[in-house]
Amino acid sequence: MLDLSQLRSFVAVEETGSFTLAAERLGLGQSTVSQHIQKLETTVGRKLLSRDTHRVALSIDGEAMIGYARDMLAIADRAERHFRAGDLRGRIRFGVSEDLVNSQLPLILEGFARSHPSVDLELTVALSGPLFQMQENGEIDLVLAKRRLGETRGALLHREPLVWLARDPDHALMQVPLPLIAFPSPSVTRSIALEALTAAGVAWRISCTCGSLSGLTAAAKAGMGVFVQPRSLAPSGLREIPTGRLPELEDVEFVLVERRGADKALTSALTEEIMRKAINLRAAP
């Protein structure tokens, strides 16, 4: 009764909130996605989406359908991976930005290990700069990390605003110079934060440096200063500092970079899992 391609379009529209973004994710034309939704609504005889000039949202019947759609697509994906994965073997070296360790990484690794049990995974977690350097040295096959706006390295997955965070924003902002908790250099978020503060004439000092996100989070939760992270990856227990109280930060982009000469079958398999689990790079609850 239900067409899987139509269900994929329906789920993509719900997750992105946009026909345009759904089409980009699926590699389809926007008109094709619209046709899929129309045909699905005709098949079930219900209106599944509410549309206006600003947003797309699920109708009451759409809320009921989305669970069934995800379940059907999950079953189809498992069946496809079972018969397609087959004899895929070898070793892939995967580098991941420190930011994603506690959010997307477990989901990616779980799905990949289940789909490709005979592939050995060598995992490196580090800051984006060192990961790219290791890849240039031939030490990593696939990197999932951040880049600054204007850089062209890799395939763009998601653009994300950076935000200022603190346990107690009012207390942190009273301190002069401003205490900043940051990754060591080179770090994308550190560079952006320092450039913004310096350009705005805000005095600052580095109150804590750590190469581990868990270490920086602990320092921030201890009230040692302000901390910069992508908004969707902000650790629990920290509050976002309201706009205007500190200089505005530029966005960052999460990208996927494949090493030239890497095993294409292996990198493609891992890329598919990343796209399936982390296309929006939303933090786990």
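Whatever comes next refers back to the structure up there.
A. Here's a closer look at the sheet that holds strand E5 (residues 142-148). Within the open sheet, the five strands sit side by side as E4-E3-E5-E12-E6. Their pairing is mixed. Each having just a single partner strand, strand E4 (119-126) and strand E6 (155-160) make up the two edges of the open sheet. For this sheet, the mean inter-axis angle between neighbouring strands, taken without regard to orientation, is 25 degrees. Pairing of strand E3 (residues 90-97) with E5 involves three bridges; the strand directions are parallel. Each residue of the ladder has a partner; that of Phe 94, found in E5, is Leu 142. Strands E5 and strand E12 (252-258) of the sheet are contacted by helix H8 (residues 188-200), whose axis makes an angle of about 5 degrees with E5.

B. Quick peek at a nonpolar patch on the surface. A contiguous nonpolar patch, built from Leu 121, Leu 123 and Val 125 and spanning about 200 Å² of accessible area, is present on the exposed surface. Among the structural elements, Val 125 can be located in strand E4.

C. Spatial organisation of unusual backbone geometry. Of note, the bond from Val 176 into Pro 177 is cis; its omega dihedral lies within 30 degrees of zero at -5 degrees. As for its placement among the helices and strands, Pro 177 is situated in the loop between helix H7 (169-174) and strand E8 (178-182). Cis geometry is adopted by the peptide bond preceding Pro 186, which originates at Ser 185 and carries an omega value of 0 degrees.

D. Expanded view of helix H5 (residues 105-115). Among the residues of H5, Leu 105, Ile 108, Gly 111, Phe 112 and Ser 115 are the ones counted as buried. Down the axis of H5, the buried side of the element spans an arc of 140 degrees, and every buried residue falls inside it.

E. Looking closely at the nonpolar core. Phe 94, Leu 144, Trp 164, Leu 180, Val 226, Leu 270 and Ile 274 are the most contacted members of the largest nonpolar core, which totals 39 residues. Every residue in contact with Trp 164, bar those within four places of it in the chain, is listed here: Leu 180, Ala 193, Leu 197, Val 226, Phe 227, Val 228, Arg 239, Glu 240, Ile 241, Leu 246, Pro 247 and Leu 249. Among the nonpolar cores identified, the runner-up in size contains 20 residues, and Ala 22, Val 44, Leu 48 and Leu 58 belong to it.

F. Fine view of the sheet that holds strand E9 (residues 204-209). With respect to topology, five strands assemble into an open sheet ordered E9-E8-E10-E7-E11, the strand pairing being mixed. In the strand order of this sheet, the two ends are held by E9 and strand E11 (239-240), each with one partner. Pairing geometry for E8 and strand E10 (residues 226-230), over two bridges, is parallel. Bridged to Leu 180 within E10 is Val 226.

G. A look at the packing of helix H2 (residues 19-26) against helix H3 (residues 30-44). Between H2 and H3, the least distance of the axes is 8 Å, while the angle of their chain directions is 105 degrees. Between H2 and H3, the crossing angle belongs to the class labelled roughly perpendicular. In contact with Phe 19, Thr 20, Ala 22 and Ala 23 of H2, H3 contributes Gln 30, Val 33, Ser 34 and Ile 37. The class makeup of the residues in the contact of H2 with H3 is five nonpolar, three polar and no charged.

H. Expanded view of the packing of aromatic side chains. Counted by the stated rule, this structure contains zero aromatic pairs. Positioned above the aromatic ring of Phe 132 is the side chain of Arg 153, whose terminal nitrogen or guanidinium carbon lies 4.2 Å from the ring centre.

I. Spatial organisation of the state of the cysteines. Within the structure shown, the criterion is met by zero disulfides. Summary of cysteine pairing: Cys 208 is not part of a disulfide, and the nearest cysteine sulfur, belonging to Cys 210, is at 6.2 Å. Its relative accessible area of 23% is what places Cys 210 among the partly exposed residues.

J. Structural view of the side chain of Gln 229. Within the fold, Gln 229 resides in strand E10. The exposure class of Gln 229 is buried, given its relative accessible area of 0%. Those residues in contact with Gln 229 that lie beyond four places of it in its chain are Asp 99, Pro 161, Leu 162, Val 163, Leu 165, Phe 183, Leu 213 and Pro 235.

K. Expanded view of the pattern of salt bridges. If you walk through the whole model with that rule in mind, you get 18 salt bridges. As a salt-bridge pair, Asp 99 and Lys 146 come within 2.6 Å of each other at their nearest N and O atoms. Of this pair, Asp 99 sits in the loop between E3 and H5 while Lys 146 sits in strand E5; the two residues are 47 residues apart in sequence, bridging distant segments of the chain. We note that Asp 99, like Lys 146, is buried. Note that Glu 136 is salt-bridged to Arg 153, the shortest N-O span being 3.2 Å. With Glu 136 in helix H6 (residues 128-136) and Arg 153 in the loop between E5 and E6, the pair connects residues that are 17 residues apart, well separated along the chain. Bridged by salt links that share partners, the residues Glu 14, Glu 15, Arg 25 and Arg 70 form one connected network.

How each quantity is defined
Residues numbered from 1 in each chain as written. Predicted model: local features only at pLDDT ≥ 70, side-chain atom pairs only at ≥ 80, totals over all residues. Heavy atoms only, no water. Pairing = 2+ DSSP bridges. Helix = DSSP H or I, 4+ residues; strand = E, 2+ residues; numbered from the N terminus. Axes fitted to C-alpha atoms, helices over the stretch in contact; angles between N-to-C directions. Contact = heavy atoms within 4.5 Å. Patch = residues over 30% accessible without salt bridge, like charges linked within 9 Å, V, L, I, M, F, W, Y side chains within 5 Å. Areas by Shrake-Rupley, 256 points an atom, 1.4 Å probe, with all protein chains shown as cover. Salt bridge = Lys/Arg side-chain N within 4 Å of Asp/Glu carboxyl O. Buried < 20%, exposed > 50% of the residue type's maximum accessible area, 1.4 Å probe, protein only. Arc of directions from axis to C-beta. Core = buried A, V, L, I, M, F, W, Y, C linked by side-chain atoms within 4.5 Å. Parallel < 35°, antiparallel > 145°, perpendicular 65-115°, else oblique. Nonpolar A, V, L, I, M, F, W, Y, C, P; charged D, E, K, R; others polar. Phe/Tyr/Trp six-rings, centres within 6.5 Å; stacked < 30°, edge-to-face > 60°. Lys NZ or Arg CZ within 6 Å of the ring centre and 35° of its normal. Disulfide = S-S within 2.5 Å.

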